Amino acid sequence: FSGRTTVFSPEGSLYQIEYAMEAISHAGTVLGVLAKDGIVLAAEKKVTGKLLDLSVEKEGSYGGSGEKIFLLNSNVVAGVAGYTADATSLINYARSAAQQHLLSYNEDIPVELLAQRLCDLKQGYTQFGGLRPFGVSLLYAGHDPHYQFQLYHSDPSGNYSGWKATCIGANSGTAQSLLKQEYKDDISVEDAIGLVLRTMSKTMDSTTLGSEKLEFSTLTLDSTTKQPKAKIYRPTEIDALLQKHGLAKKDEDTEMAAA
């Protein structure tokens, strides 16, 4: 029966992996852009509603209290697309792996090594029966002293790859096309923020961009300590950023009144 997790189909593919990829292609968009002096991550939140208690998110916690962007280590931020529950499990595993590395070697885990550790785990789920693969893809935005800023993507098969700019989730094809046209190798973080917000405004299912539908994060080097500094934006900061770039949602009530 070729529908089982570990059995190849006659065409040589693992259907469960392909189904997991399909689940991810319906998830909220996550977009990452690598700049010369940092990395920008943005994500579309799907779980919205007037009755949601967002007080924790408003006050903000350094580890990220939203649904899409999480701090894995002081030098790595991740954006997730797919099943959030699966993502939470992998986030915990990644944080633990990062702390184990810090304990053993007294240095922050290199970005690629952290991606590898997660991919080793994910690959196991494609080889041993009885369990299903994780229905989640991750974008890792990180920094290490040797390779500087890096952006990686990993998927349910256990494959990972490095990117200058990439997108996962819904409408990722459209976003990739836009990024191909506009990305430049020597882009600054400031320009990358504009590029990410413009691309998100064109690819998100929602007609208006607002902090209730968007998560945003940057990873840069601290100007004094020269250490990686992750910033996961709070809702008010996201709204201010959208206002600055002229992408904030218009107040329809005001417009109607004026009409």
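Here, every reference points to the structure presented above.
The shown structure was predicted, so the numbers you read here are calculated from the model rather than taken from an experiment.

Quick notes on the rules
Residues numbered from 1 in each chain as written. Predicted model: local features only at pLDDT ≥ 70, side-chain atom pairs only at ≥ 80, totals over all residues. Heavy atoms only, no water. Buried < 20%, exposed > 50% of the residue type's maximum accessible area, 1.4 Å probe, protein only. Helix = DSSP H or I, 4+ residues; strand = E, 2+ residues; numbered from the N terminus. Pairing = 2+ DSSP bridges. Phe/Tyr/Trp six-rings, centres within 6.5 Å; stacked < 30°, edge-to-face > 60°. Axes fitted to C-alpha atoms, helices over the stretch in contact; angles between N-to-C directions. Parallel < 35°, antiparallel > 145°, perpendicular 65-115°, else oblique. Left-handed = near helix turned anticlockwise from the far one by under 90°. Contact = heavy atoms within 4.5 Å. Nonpolar A, V, L, I, M, F, W, Y, C, P; charged D, E, K, R; others polar. Arc of directions from axis to C-beta. Polar contact = N/O pair within 3.5 Å; in protein donor to acceptor, adjacent residues only side chain to side chain.

A few words on the pairing of strand β2 (residues 38–44). Along any regular strand, the residues point their side chains to alternate faces of the sheet. For β2, the buried fraction is high: seven of the seven residues fall into the buried class. What you see with β2 is no split at all: G38, V40, A42 and E44 on one side and I39, L41 and A43 on the other are buried throughout. With antiparallel pairing between neighbouring strands as the criterion, strand β1 (residues 30–35) and β2 make up a hairpin whose turn holds two residues. With seven bridges joining them, β2 and strand β9 (residues 214–221) adopt antiparallel strand pairing. Residue pairing for β9: I39 is matched across the bridge by L219.

The subject of this paragraph is the packing of aromatic side chains. For any pair of aromatic rings, the description consists of the separation of the ring centres together with the inter-plane angle of the planes. The full count for this structure, using the stated rule, is four aromatic pairs. Taking 6.1 Å as the distance between ring centres and 15° as the angle between the ring planes, the aromatic pair formed by Y15 and Y19 counts as stacked. Here Y15 and its partner Y19 are both found in helix α1 (residues 15–24), four residues apart, which amounts to about one turn of the helix. You can call Y15 partly exposed: its relative accessible area is 23%. Note on Y152 and Y160: the rings are 5.9 Å apart at their centroids and 65° apart in plane angle, and the pair reads as edge-to-face. By relative accessible area, which is 10% here, Y152 ends up buried. A relative accessible area of 28% places Y160 in the partly exposed class.

This next bit is on the packing of helix α3 (residues 84–105) against helix α4 (residues 111–124). Remark: α3 packs on α4, axes separated minimally by 10 Å, with the N-to-C direction vectors making an angle of 130°. As summarised for this structure, α3 and α4 are arranged oblique, according to the angle between their axes. At the point where α3 passes α4, the crossing takes the right-handed sense. Here L90, Y93, A94, A97, A98, Q100 and H101 of α3 come into contact with α4, specifically with L113, L114, R117, L118, L121 and K122. By residue class, the composition of the contact of α3 with α4 is nine nonpolar, two polar and two charged.

This part takes up the packing of helix α5 (residues 172–182) against helix α6 (residues 189–203). Contact pair α5 / α6: the axes reach a minimum separation of 10 Å and the direction vectors enclose 145°. At the point where α5 passes α6, the crossing takes the right-handed sense. Residues T174, A175, L178, L179 and E182 of α5 touch α6, and the partners they reach there are L195, R198, T199, K202 and T203. Taken together, the residues of the contact of α5 with α6 sort by class into four nonpolar, three polar and three charged.

Buried within α5 are the following residues: A175, L178 and L179. Seen end-on, α5 carries its buried residues on one side only, within an arc spanning 100°. Away from its buried face, by an angle of more than 90 degrees, α5 presents the exposed residues K180 and Q181. Elements that come into contact with the buried residues of α5 comprise β1, β8 (165–168) and α6.

With that out of the way, let us pick up the environment of S172. Relative to the assigned elements, S172 resides in helix α5. S172 sits in the partly exposed class, given a relative accessible area of 22%. Residues S172 and V30 lie 142 residues apart in sequence; the distance between their C-alpha atoms is 8.4 Å. At a separation of 3.3 Å, a polar atom in the side chain of S172 contacts the main-chain carbonyl oxygen of G169.

Another aspect to go through is the sheet that holds strand β3 (residues 69–73). Spatial ordering of the open sheet is given by β3-β4-β5-β6-β7, a layout of five strands whose pairing is antiparallel. Two strands close off the open sheet at either side, each with one partner strand: β3 and β7 (160–162). Pairs of neighbouring strands in the sheet enclose a mean axial angle of 25°, with direction left out of account. Bridge count between strand β6 (residues 148–154) and β7: three bridges; the pairing is antiparallel. Looking at β7, one finds that H153 is bridged to S161. Against the sheet, α4 touches β3, β4 (76–82), β5 (136–144), β6 and β7, its axis set at about 155° to β5.

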